[in-house]
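Coordinate inspection notes
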Amino acid sequence: MCGIFGTIGKRDNALSLVVEGLKKLEYRGYDSWGVTADVDGELFIDKHVGKISTVGTSRFEGIKSNMAVGHSRWATHGGVTDINAHPHFSHDRKVAVVHNGIIENYHEIREELGRDKFISETDTEVIPQLISHYLKTMEFKEAVLEATRRLKGRYAIVALHVGDHQLIAARRGSPLIVGVGNGEYFLASDIPAFLEYTQDVMYLNDNEMVVVNDHVEFINIETGELVEKRLINIDWKAESAEKGEYDHYMLKEIMEQKDTIHRAINQDSEEIMEIVKAIQAARGCFFSGCGTAGKVCMVGEYFFSIVADRHVNYAPASEFPIYHHFLKPESLLVVVSQSGETADVLEAMEVAKKKGTKVLSLINVGSSTIARQSDYSLLINAGPEKAVASTKAATSQMALLLLIAYAVNGELQEGRRVLAEVAGKINDMLNPRFLNYIKSVAEAIQKHENAYIIGKAQNYPIALEAAIKIQEVSYVHAEGFAAGELKHGPIALVTEGTPCISLIANDEVKDDILNNTIELKARGAHIIGIAPEKHEVFDDWIKVPDVGVASPLVNIIPIQLLAYYISICRGLDPDMPRNLAKSVTVK
Ligand code: AGP
């Protein structure tokens, strides 16, 4: 949530550089943007409501500075206004700060410093004001150190002080990475922002501060001591974080599923077996994640039951802390997260660690906080996922959970075989005819305000995930149900022509869900059947391959495309849905 990007170094067009970097982070928040730089000893600030992607490359031409910072906002405290946009600055306009997170004690600090000094409604404004307050008696570095010690809550900040040729950043709970270029440094919420300049990074951990000028100095905020860091090379190509030939990241990422399943299952057998041992030894295994990743965990619950004959418990990460009563040192928490930065997941991990419970994570961003704070971590290797709607990460996470379930059952090779076949079938599915057919179904659905999706067994969580996909990018009111639950209430919502999607597989529950589909049809529903075989109850049939237990991996693909095309038909931007951000780093 919120994108931060700063640079200091050899180039004198730092403001333009920051704008371009922020455009690559816009998926993190896009209700307003702002940049700041020290221009001839004065604080230059430009901030506005709207998307950074609309800012032209020439806007800052001629404004020379080799140090600048910017921010793309997802509002938490204070409405979406120019004044509330970041950077925020001290009343003497000497200190500017960008921030991602929430300062819980901002009210108290604001009262202490004097309310009349403040012009915005944000929590962030207390940070530059506090730094400015300490600057009366201290150097910039000490002032930032003192200020961060006062802050309660989660933050990643970058601060700039006019006349001081250095940027100072600090973090607790929100991501911030240092990119190390040739004669230049970058500070960013995520790697794609600086990938075209460098693949070398240094990680800032929680409760650490970094001072960046012609070199970097890491400091532990609590002790004030220097911290040694290693330079790490990131194996991501700049092009993989671009849209390429596609109009939207979402479509590009859906199409990438031709390859991503292969990459997810191509794991080191020894690492998988180490994890298998941890799962087998655990007394009480919990799966947890948020949103789509949470639905993946639910699918995993079914995979473990069907393939490995093993019971696991799922709880959404935001609900997980209450389960602390059941956690023991012998328990295992398995968390799933694309970004590896989701605040609710981090909190679930904190709760588990306090009880001595070990944590295994399935993550896409290897450099993320969750990956680094886990006892075991497996990368899904899906490559950068930038559309807010998670697509390729979800199928890779499901593939990896299924592979682990097979391995727990002593059938790792069989798992690989099954999943390699699924990957091949997904490749065949994603052809222009298939896409065009789904587009035509989307054109019909987009005229409706409501759509319902039903699934059973491992396709029940896919019905829930389908609802998230359609809601978030098309704003159609979509709801997913366990097929058998319809008759207990939801069927009352169905009227003549209501689009209802039925997710069917060739499995032991097929006849049950077909009966539930017929019940919907009898109430006038327009039935879209996603199934390997045609049935007379379907008004539209989206054919998917028969892949046995792995059906969620293929059934979700037409749903992702439907959501994408409904969004396009409605004239929306599927990559940047309203009110959302890609990485949710606040609770
Ligand atoms: C997915 O389409 C959503 N935008 C969202 O539910 C997402 O899956 C959730 O916020 C979890 O993110 P994570 O995988 O990065 O932890």
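Overview of the structure.

So, how was this worked out
- Residues numbered from 1 in each chain as written.
- Predicted model: local features only at pLDDT ≥ 70, side-chain atom pairs only at ≥ 80, totals over all residues.
- Heavy atoms only, no water.
- Buried < 20%, exposed > 50% of the residue type's maximum accessible area, 1.4 Å probe, protein only.
- Helix = DSSP H or I, 4+ residues; strand = E, 2+ residues; numbered from the N terminus.
- Pairing = 2+ DSSP bridges.
- Right-handed = clockwise from strand over helix to strand, strands pointing away.
- Near = heavy atom within 4 Å.
- Polar contact = N/O pair within 3.5 Å; in protein donor to acceptor, adjacent residues only side chain to side chain.
- Axes fitted to C-alpha atoms, helices over the stretch in contact; angles between N-to-C directions.
- Parallel < 35°, antiparallel > 145°, perpendicular 65-115°, else oblique.
- Left-handed = near helix turned anticlockwise from the far one by under 90°.
- Contact = heavy atoms within 4.5 Å.
- Nonpolar A, V, L, I, M, F, W, Y, C, P; charged D, E, K, R; others polar.
- Patch = residues over 30% accessible without salt bridge, like charges linked within 9 Å, V, L, I, M, F, W, Y side chains within 5 Å.
- Areas by Shrake-Rupley, 256 points an atom, 1.4 Å probe, with all protein chains shown as cover.
- Salt bridge = Lys/Arg side-chain N within 4 Å of Asp/Glu carboxyl O.
- Lys, Arg positive; Asp, Glu negative; His and termini not counted.
- Charge placed at Lys NZ, Arg CZ, Asp CG, Glu CD.
- Phe/Tyr/Trp six-rings, centres within 6.5 Å; stacked < 30°, edge-to-face > 60°.
- Lys NZ or Arg CZ within 6 Å of the ring centre and 35° of its normal.
- Expected span 1.5 Å × (residues − 1).

Bringing the pairing of strand E24 (residues 526-531) into the picture now. E24 sits mainly inside the fold: 5 of its 6 residues count as buried. Taken together, the 5 bridges between strand E23 (residues 499-503) and E24 define a ladder with parallel strand orientation. Across the sheet, the residue bridging to Pro 499 is His 526, located in E24. Following the chain from E23 across helix H15 (residues 510-522) to the adjacent parallel E24, one finds a crossover that is right-handed. Relative to strand E25 (residues 540-543), E24 runs parallel, the two being bridged by 4 bridges. Within E25, the position partnered with Gly 529 by the bridge is Trp 541.

Attention shifts here to the sheet that holds strand E6 (residues 95-103). Read across the open sheet, the 7 strands follow the order E5-E6-E7-E8-E12-E13-E14; overall the sheet is antiparallel. Of all strands in the sheet, those with a lone pairing partner are strand E5 (88-89) and strand E14 (226-227), marking the two edges. For strand E13 (residues 216-220) and E14, the ladder comprises 2 bridges, and the chain directions are antiparallel. Its bridge partner lying in E14, Ile 219 is registered against Leu 226.

A few words now on the site of the ligand. The environment of the ligand is formed by 14 residues, the closest being Ser 337, Gln 338, Ser 339, Thr 342 and Glu 472. Thr 292 places a polar main-chain atom, nitrogen or oxygen, 3.1 Å from an oxygen atom of the ligand. Between the ligand and the protein, one listed contact pairs an oxygen atom with a side-chain N or O atom of Ser 337 at 2.6 Å. For the shell around the ligand, the elements supplying multiple residues, two or more each, are helix H8 (291-308) and helix H14 (460-474). If you tally residues by element for the shell around the ligand, the top one is H8, at 3 residues.

At a minimum axis separation of 8 Å, helix H13 (residues 432-445) and helix H16 (residues 551-569) run at an interaxial angle of 55 degrees. When the interaxial angle is binned, H13 and H16 end up oblique. Here the hand of the crossing between H13 and H16 comes out right-handed. Only Pro 558, Leu 561, Leu 562, Tyr 565, Ile 566 and Cys 569 of H16 make contact with H13, whose side of the interface consists of Phe 434, Leu 435, Ile 438, Lys 439, Val 441, Ala 442, Glu 443 and Ile 445. Within the contact of H13 with H16, the residues separate by chemical class into 12 nonpolar, no polar and 2 charged.

Following the sequence through the fold, Thr 36 ends up in strand E2 (residues 32-39). Residues contacting Thr 36, with those up to four places away along its chain left out, are Leu 15, Leu 43, Phe 44, Ile 45, Ala 68, Val 69, Pro 87, Ala 96 and Leu 160.

A surface patch of like charges, here negative, comprises Asp 268, Glu 270, Glu 271 and Glu 274. Secondary-structure assignment places Glu 270 in helix H7 (residues 269-281).

Within the fold, Val 359 resides in strand E19 (residues 358-363). The buried category is assigned to Val 359, whose relative accessible area is 0%. Taking the C-alpha atoms as reference, Val 359 lies 6.5 Å from Tyr 376; in sequence the two are 17 residues apart. Residue contacts for Val 359: discarding those within four places in its chain leaves Leu 333, Val 335, Met 349, Ala 352, Lys 353, Ser 374, Asp 375 and Tyr 376.

What follows deals with the pattern of salt bridges. Under the criterion given, the structure shown has 23 salt bridges. Note that Glu 111 is salt-bridged to Arg 115, the shortest N-O span being 2.9 Å. Glu 111 gets classed as partly exposed once you look at its relative accessible area, which sits at 41%. Its salt-bridge partner being Arg 149, residue Glu 146 comes within 3.0 Å of it at the nearest N-O pair. Taken together, the residues span about one helical turn, with Glu 146 and Arg 149 both in helix H4 (residues 140-150) at a distance of 3 residues.

Under the counting rule described, the total for this entry stands at 10 aromatic pairs. Seen from their ring centres, Tyr 323 and Phe 326 are 6.1 Å apart, and the 45 degrees between their planes marks the pair as tilted. The interplanar angle of 70 degrees and the centroid separation of 5.1 Å between the aromatic rings of Tyr 564 and Tyr 565 together place this pair among those described as edge-to-face. A residue is classified by how much of its surface remains accessible, and Tyr 565, at 8% relative accessible area, is buried. Taken together, the aromatic side chains of Phe 5, Phe 186, Phe 194 and Tyr 197 make up a single cluster linked through ring pairs. The aromatic ring of Phe 89 is capped on one face by Arg 93, whose charged end is 4.7 Å from the ring centroid. Of note, Arg 578 hangs over the ring of Tyr 475, and the distance from its end group to the ring centre comes to 3.8 Å.

The α-helix winds at 3.6 residues per turn, so residues separated by three or four positions along the chain end up facing the same way. Its 17 residues place the ends of helix H11 (residues 392-408) 24 Å apart at the C-alpha level, agreeing with the 24 Å of an ideal helix rising 1.5 Å per residue. The buried count for H11 comes to 17 of 17 residues, which makes it a mostly enclosed element. Looking one or two places after H11, you find Gly 410, whose phi comes out positive at around 75 degrees.

Time to look at the environment of Ala 394. With respect to the helices and strands, the residue Ala 394 is situated in helix H11. Residue class for Ala 394 comes out buried when judged on its relative accessible area of 2%. Along the primary structure Ala 394 and Val 336 are separated by 58 residues, whereas in three dimensions their C-alpha atoms are 9.4 Å apart. Excluding residues within four positions of it along the chain, Ala 394 makes contact with Thr 292 and Val 296.

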